[in-house]
Amino acid sequence: MNIEAVVAYCLGLPGAEETYPFGDHVLVAKVGGKGFAFIGQEEPGSVAVKCGATREEAAELRERHPEAVTAMDYLGRYGWNRVRLDAGVPDAELEELLDASYEAIVKKLPRAKRP
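The model shown is predicted, which means the values in this text are computed figures rather than measured ones. (Residues numbered from 1 in each chain as written. Predicted model: local features only at pLDDT ≥ 70, side-chain atom pairs only at ≥ 80, totals over all residues. Heavy atoms only, no water.)

Student: Teacher, can you tell me more about the nonpolar core here?
Tutor: Residues Val6, Phe36, Ile39, Val47 and Leu94 are the most contacted members of the largest nonpolar core, which totals 34 residues. Listing elements by their share of this core, those giving two or more residues are α1 (3-11), β2 (26-31), β3 (34-40), β4 (46-50), β6 (80-84) and α3 (91-108). With 6 residues, α3 is the largest single contributor of residues to this core. (Core = buried A, V, L, I, M, F, W, Y, C linked by side-chain atoms within 4.5 Å. Buried < 20%, exposed > 50% of the residue type's maximum accessible area, 1.4 Å probe, protein only. Helix = DSSP H or I, 4+ residues; strand = E, 2+ residues; numbered from the N terminus.)

Student: Looking at this model, I keep getting lost on the packing of aromatic side chains. Mind explaining?
Tutor: Any aromatic ring pair is given by two values, namely how distant the centres are and how the planes are angled relative to each other. Summed over the entire model, instances satisfying the criterion amount to 3 aromatic pairs. On the basis of an interplanar angle of 80 degrees and a centroid distance of 5.2 Å, the ring pair of phenylalanine 36 and tyrosine 102 is categorised as edge-to-face. Pair noted here: phenylalanine 36 is in strand β3 and tyrosine 102 is in helix α3, with a separation of 66 residues, a long-range link. The pair phenylalanine 36 / tyrosine 102 is uniform in exposure class, with both members buried. (Phe/Tyr/Trp six-rings, centres within 6.5 Å; stacked < 30°, edge-to-face > 60°.)

Student: Just checking my understanding: could you explain the sheet that holds β6 for this structure?
Tutor: Pairing between sheet strands relies on hydrogen bonds along the backbone, with the strands arranged either parallel or antiparallel. Spatial strand order, β1-β2-β3-β4-β6-β5: 6 strands in an open sheet with antiparallel pairing. At either margin of the open sheet sits one strand with a lone partner, and together these are β1 (16-19) and β5 (69-71). With direction set aside, neighbouring strand axes in the sheet form an average angle of 25 degrees. Note that β4 and β6 share 5 bridges and pair antiparallel. Looking at β6, one finds that serine 46 is bridged to arginine 84. (Pairing = 2+ DSSP bridges. Axes fitted to C-alpha atoms, helices over the stretch in contact; angles between N-to-C directions.)

Student: So what exactly am I meant to see when it comes to the pattern of salt bridges here?
Tutor: Close approach of charged atoms allows side chains of opposite charge to pair. Summed over the entire model, instances satisfying the criterion amount to 3 salt bridges. Of the charged contacts in the structure, one is a salt bridge between arginine 64 and glutamate 60, with a shortest N-O distance of 2.9 Å. With arginine 64 and glutamate 60 both in helix α2 (residues 55-64) and 4 residues apart, this pair spans about one turn of that helix. According to the relative accessible area criterion, arginine 64 is partly exposed, its value standing at 45%. Several salt bridges converge on common partners, so that one network encompasses Glu60, Arg64 and Glu93. (Salt bridge = Lys/Arg side-chain N within 4 Å of Asp/Glu carboxyl O.)

Student: Teacher, can you tell me more about the layout of surface pockets here?
Tutor: Any empty space left between atoms is shown by rolling a water-sized probe over those atoms. Taken as a whole, the largest pocket holds about 250 Å³ of empty space. Along the wall of the largest pocket there are 14 residues; nearest its centre are His25, Val26, Phe38, Met72 and Arg82. (1 Å grid on protein atoms, 1.4 Å probe; cavity = no way out; pocket = protein on both sides within 12 Å on 5 of 7 lines; lining within 4 Å. Points joined across faces, edges and corners; volume = space filled by probe spheres on them.)

What follows is the structure, given as structure tokens:
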């Protein structure tokens, strides 16, 4: 997937919104005011997603794709990984990661804020 496809996929999820709280170089896809994907806009692009409750839970993905996946700066200890879009993670697996990150955030929202 390229950056445009990741953005379109994320913003196509129910209740998703596009925000730029850190400047034009990072799009944060949010649902209910909470981020579920941090999309790096600079080529080749990357996306950070929630992959578990802790760094250890997120480590499985890093072990499967050591060239493509790293712990996200600052949020890595909370189970967030950064996935390089040019490093060979299959599109279907990336979509599953985006869906899982979205669902993890939605699950923690108060019912009134859920889409």
